[in-house]
Amino acid sequence: MAARSHAYFAICPRGLEPALVAELQALGAAEARAESGGVAFAGSPEVGYAANLHSRLASRILRQVARRGYANEQHLYDATQEVRWHDLMTSQQTLRVDVTAARASLRSLEFAMLRIKDGIVDRMRTLAGDRPSIDRNNPGVRVFAYLDERTVTLYVDLSGEPLFKRGWRADKGEAPLKENLAAGLLALSGWTPEVPLLDPFCGSGTIVIEAATIATRRAPGLNRSFAFERLADFEPAVWRRLLERGRAAVDDSATALIAGSDISTRVIEQARTNAGVAGVGTLLADGRLRLQASDARTVEPPAERGVIVCNPPYGEQSAPRSSSVPKMMGEVGDHLKTAFAGWQAWFLTSDRQLPRQMRLAETRKPVLYNGALECRFFRFELVGGRYRPRAIS
Ligand SMILES: C[S@@+](CC[C@H](N)C(=O)[O-])C[C@H]1O[C@@H](n2cnc3c(N)ncnc32)[C@H](O)[C@@H]1O
């Protein structure tokens, strides 16, 4: 019998959609299509589980359960009546409904949410004889409704906790990147585990820990649970098989050289703790993962050639008190030009003046969003010698 096919939507930070298409295709997704803020795709239940277990770039995986045109709130209620909710949940489970709208003409999203919630509850009462109760804090099942001008799409959440929560972060450090954005930076930089990597502003270690788990082939979701495990149509045998394959794939023999440094000894200690919890303590112990306190203005290259991937402090975030960030970044630029000739460097920042401050000319600058903050991911080729600053448009 052919496996059932579902339509899915994977949410991701804006700017990572094309990379997420490629990642999902490699996991067996069909019809993957980039949209703003995510990727629509199709596949069996196994593909949906695999996306949760393996995707490094997605924040959440949703499974579509209904889609129809609407013109008023009653149509939203009607959309809920097309779904066999009792195949997804029991009335003993709790429910939460969230509504997101883009260009929707309805007066109140709160009212839209209530109509959808009422529709689900009424339908469950009719089909199962009882209704689920609502729990906004710790729901058993979460339904997302997306409204555009004319269409409502209902999804059931498969992830639960967002996927960027890998389960290792004890303490947040200063302005940490989300783990899926860190993975996105590595993907966009083209870094592969054979190439030495340095993050000279590593903070809590997000980029280097993500890199170490990539190098050791640790699926990002190996040590956490997912909302799909609570759905009534969960297929435990399929999930167990995927998990076993994921566990068997872990390979600590990776030859990698991954270095992270930060001016703060306190955050370096945090990064070391985080690395241990993330399961890459062996690499830390034998020096394949190096985490050291060091100033980016004087940091030593860990290898002759390699890639720098980082997000330095920028205006919106706290900065070292002793010097202003632009001045410091000028000094970092001078140091990189002399000590890191032959390296390629990628800097994520919301400060468009960064190349000017560092007196480096970028060779690429894709747009990425760090939360709501529009950023550029500047690429610099460090060829040594003196650079002339280039006018930035
Ligand atoms: C935006 S945070 C990086 C966050 C990191 N990517 C994470 O996910 O935790 C910037 C970091 O740069 C560090 N920093 C500031 N000035 C520095 C310098 N001169 N050299 C090295 N690190 C510095 C701060 O201590 C802070 O941890």
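Figured I'd write up the structure that's included with this text. (Residues numbered from 1 in each chain as written. Predicted model: local features only at pLDDT ≥ 70, side-chain atom pairs only at ≥ 80, totals over all residues. Heavy atoms only, no water.)

So, about the overall build of the protein chain. Of regular secondary structure, the protein chain possesses 11 helices and 14 strands. Taken over C-alpha atoms, the radius of gyration comes to 23 Å for the protein chain, in line with the 21 Å a tight globule of 393 residues would show. Its C-alpha atoms give the protein chain principal-axis dimensions of about 75 × 45 × 35 Å. Looking at the protein chain residue by residue over its 393 residues, the buried ones come to 55%. Long-range pairs, those at least 24 residues apart, make up 78% of the contacts in the protein chain with a sequence separation of at least 6. Each charge class in the protein chain can be summarised by its mean position, and for the 52 positive and 44 negative side chains these summaries are 2 Å apart. (Helix = DSSP H or I, 4+ residues; strand = E, 2+ residues; numbered from the N terminus. Rg over C-alpha atoms; globule rule 2.2 N^0.38 Å. Buried < 20%, exposed > 50% of the residue type's maximum accessible area, 1.4 Å probe, protein only. Contact = heavy atoms within 4.5 Å. Lys, Arg positive; Asp, Glu negative; His and termini not counted. Charge placed at Lys NZ, Arg CZ, Asp CG, Glu CD.)

Around the ligand lies a shell of 22 residues, among which Ser204, Thr206, Asp262, Ala296 and Asn311 are the nearest. Between the ligand and the protein, one listed contact pairs a nitrogen atom with a backbone N or O atom of Ile263 at 3.1 Å. Take Asp295: an N or O atom from its side chain is 3.0 Å from a nitrogen atom of the ligand. Expressed as a share of its isolated accessible area of 600 Å², the protein-covered part of the ligand is 98%. Split into classes, the residues belonging to the shell around the ligand amount to 12 nonpolar, six polar and four charged. (Near = heavy atom within 4 Å. Polar contact = N/O pair within 3.5 Å; in protein donor to acceptor, adjacent residues only side chain to side chain. Areas by Shrake-Rupley, 256 points an atom, 1.4 Å probe, with all protein chains shown as cover. Nonpolar A, V, L, I, M, F, W, Y, C, P; charged D, E, K, R; others polar.)

Here we take up the environment of Leu185. With respect to the helices and strands, Leu185 occurs in helix α5 (residues 179-189). For Leu185, a relative accessible area of 0% gives the class buried. C-alpha separation for the pair Leu185 and Phe347, spaced 162 residues apart in sequence, amounts to 9.1 Å. Ignoring sequence-local partners within four residues, the contact set of Leu185 consists of Leu177, Ile207, Val309, Leu348, Leu368 and Phe377.

Spatially, seven strands are ordered β10-β9-β8-β11-β12-β14-β13 in an open sheet, and the strand pairing comes out mixed. One side of each edge strand has no neighbouring strand; the edge strands of this open sheet are β10 (289-293) and β13 (367-370). On average, adjacent strands in this sheet sit at an angle of 20° to one another, irrespective of strand direction. Bridge count between β13 and strand β14 (residues 373-381): four bridges; the pairing is antiparallel. Each bridged residue has a counterpart across the sheet, and for Asn370 the counterpart in β14 is Leu373. Taken strand by strand, helix α8 (residues 265-277) contacts β9 (258-262) and β10, and its axis lies near 160° from that of β10. (Pairing = 2+ DSSP bridges. Axes fitted to C-alpha atoms, helices over the stretch in contact; angles between N-to-C directions.)

This part covers the sheet that holds strand β4 (residues 60-69). What links the strands of a sheet is backbone hydrogen bonding, and the strands pair in either a parallel or an antiparallel sense. Sheet architecture is open: seven strands sit in the order β2-β3-β1-β4-β7-β6-β5, paired in mixed fashion. Only two strands of the sheet have a single neighbouring strand rather than two, namely β2 (30-35) and β5 (95-101). Neighbour-to-neighbour, the strand axes of the sheet open up by a mean angle of 30°, direction not taken into account. With four bridges joining them, strand β1 (residues 6-11) and β4 adopt antiparallel strand pairing. Across the sheet, Ala10 pairs through a bridge with Ile61, a residue of β4. Of the strands in this sheet, β1, β3 (38-43) and β4 are in contact with helix α2 (residues 45-54), which crosses β3 at around 145°.

This part takes up the packing of α2 against helix α7 (residues 236-249). For any two helices packed against each other, one specifies the inter-axial angle together with the distance between the axes. Running from N to C, α2 and α7 point in directions that differ by 40°, and their axes come no closer than 10 Å. On the basis of the axis angle, α2 is oblique to α7. For the element pair α2 and α7, the recorded crossing hand is right-handed. Contacts between α2 and α7 involve Glu46, Tyr49, Ala50 and Leu53 from the former and Val238, Trp239, Arg241, Leu242, Leu243 and Arg245 from the latter. (Parallel < 35°, antiparallel > 145°, perpendicular 65-115°, else oblique. Left-handed = near helix turned anticlockwise from the far one by under 90°.)

Turning to helix α4 (residues 109-128), a few remarks are in order. Its 20 residues place the ends of α4 28 Å apart at the C-alpha level, agreeing with the 28 Å of an ideal helix rising 1.5 Å per residue. Buried residues of α4: Ala112, Met113, Arg115, Ile116, Lys117, Gly119, Ile120, Val121, Arg123 and Met124, and no others. Those residues of α4 that are buried lie in contact with α3 (73-80), β5, β6 (141-147) and β7 (151-157). The distance from a side-chain oxygen at the start of α4 to the backbone nitrogen of Glu110 is 3.3 Å, and the residue carrying that oxygen is Ser108. Of the residues flanking the end of α4, it is Gly129, one or two places downstream, whose phi is positive at about 80°. (Expected span 1.5 Å × (residues − 1).)

Okay, the nonpolar core next. With 93 residues, the main nonpolar core has Phe41, Ile61, Trp239, Ile258, Leu289, Leu291 and Leu348 as its most contacted residues. The contacts of Ile61, once residues within four sequence positions are left out, are Tyr8, Phe9, Ala10, Phe41, Ala51, Asn52, Asp157, Leu158, Ser159 and Leu163. One finds Ala296, Val325, Ala345 and Phe378 within the second-largest nonpolar core, a separate group that totals 22 residues. (Core = buried A, V, L, I, M, F, W, Y, C linked by side-chain atoms within 4.5 Å.)

On to the pattern of salt bridges. Taken as a whole and judged by the stated rule, the model has 30 salt bridges. With a shortest N-O distance of 3.7 Å, Lys165 and Glu161 are connected by a salt bridge. On the basis of relative accessibility, which here comes to 41%, the residue Lys165 falls in the partly exposed class. Residue classification places Glu161 among the partly exposed positions, given a relative accessible area of 47%. (Salt bridge = Lys/Arg side-chain N within 4 Å of Asp/Glu carboxyl O.)

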